[in-house]
Amino acid sequence: MPRPTKLQPERGDAKTRLLEAARSLIRTRGFTATSVGDLCEEAGVTKGAFFHNFESKEALGVAAAHFWADTTSAFFSEAPYHAPKEPLQRVLAYIEFRKSIIEGELSEFTCLVGTLVQEVYSSSPGIREACAESIFGHASTLEADISAAMQAYNISGDFTAESLARHTQAVIQGAFVLAKADNNSRFAIESLDHLYRDICLLFDTPNSVRGSS
């Protein structure tokens, strides 16, 4: 699967094409500003095809969040940050990898579910829950490495591997908000650099583990 920063259309069936259109347009325009007509035009399908596959625009929003989770999960599972043997190195490599894919237009690297949930969290519980499942589900993929690193470095405190994994996602999602506010990726990259350094400080790691950041 292509990187989630530049996901390319796969020109499959009408449902897949509509989900791809949603993935692109919602990140560019937002959910409210994206009409059913816009989605159909982008996907190259009729409104009849839209309502054959989705009973409403909200149903499309829920499906788009699940589609995002499915496609990005495949992308991240194959990413190179899993390669290091030492768990803390894998955690730091994850942050470096997230920084490396911040490039291009804002809509190409920002998060669909993060964009969606900020807009409709109070008006659409169904979409909010689907977005939460995606965000927290991705965070959970870091828990095993963080837990192993905490054991290896004898780290304990009033936090858990789960809470630190969620914090990484809070920083990443916040970094996307800053990038949108500045219409520039520089603050997003800066935030991930700070996250990298903060985790190094938390684990009191030597320069050989910290790498170049």
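Residues numbered from 1 in each chain as written. Predicted model: local features only at pLDDT ≥ 70, side-chain atom pairs only at ≥ 80, totals over all residues. Heavy atoms only, no water.

(A) Representation of the overall build of the protein in the model. Helix and strand counts for the protein stand at 12 helices and 0 strands. If you list the helices and strands of the protein from N to C, you get α-α-α-α-α-α-α-α-α-α-α-α. Here the protein has a C-alpha radius of gyration of 18 Å; the compact-globule value for 213 residues is 17 Å, and the two agree. Principal axes of the C-alpha set define a box for the protein whose edges measure 60 × 30 × 30 Å. The burial tally for the protein puts 45% of its 213 residues in the buried class. Of the contacts formed within the protein by residues at least 6 apart in sequence, a portion of 65% connects residues at least 24 apart. Of the charged side chains in the protein, 20 are positive and 27 negative; the average position of the first set lies 3 Å away from that of the second. (Helix = DSSP H or I, 4+ residues; strand = E, 2+ residues; numbered from the N terminus. Rg over C-alpha atoms; globule rule 2.2 N^0.38 Å. Buried < 20%, exposed > 50% of the residue type's maximum accessible area, 1.4 Å probe, protein only. Contact = heavy atoms within 4.5 Å. Lys, Arg positive; Asp, Glu negative; His and termini not counted. Charge placed at Lys NZ, Arg CZ, Asp CG, Glu CD.)

(B) Broad picture of the layout of surface pockets. Roughly 420 Å³ of volume is contained in the largest pocket. Elements with a contribution of two residues or more to the lining of the largest pocket: helix H4 (57-77), helix H8 (125-140) and helix H10 (161-182). Among the elements that line the lining of the largest pocket, the one with the most residues is H4, at 8 residues. Among the residues forming the lining of the largest pocket, the class breakdown is 13 nonpolar, 13 polar and 3 charged. (1 Å grid on protein atoms, 1.4 Å probe; cavity = no way out; pocket = protein on both sides within 12 Å on 5 of 7 lines; lining within 4 Å. Points joined across faces, edges and corners; volume = space filled by probe spheres on them. Nonpolar A, V, L, I, M, F, W, Y, C, P; charged D, E, K, R; others polar.)

(C) Molecular detail of empty space enclosed by the protein. The tally for this structure, following the rule as stated, stands at 1 cavity of 30 Å³ or more. Its boundaries defined by the atoms lining it, the largest cavity holds a volume of some 30 Å³. As for the largest cavity, its lining consists of Thr 110, Cys 111, Gly 114, Thr 115, Gln 118, Gln 173, Phe 176, Val 177 and Lys 180. Those elements that provide at least two residues to the lining of the largest cavity are helix H7 (112-120) and H10. By residue number, the principal contributor to the lining of the largest cavity is H10, which donates 4 residues. Considered class by class, the residues forming the lining of the largest cavity number 3 nonpolar, 5 polar and 1 charged.

(D) Looking closely at the pattern of salt bridges. Summed over all chains, the structure comprises 6 salt bridges. When the shortest N-O distance is used, the salt bridge between Asp 145 and Arg 90 registers 2.9 Å. Of this pair, Asp 145 sits in helix H9 (residues 143-152) while Arg 90 is found in helix H5 (residues 87-100), placing the two residues 55 residues apart along the sequence. Taken as a pair, Asp 145 and Arg 90 share a single burial class, namely buried. (Salt bridge = Lys/Arg side-chain N within 4 Å of Asp/Glu carboxyl O.)

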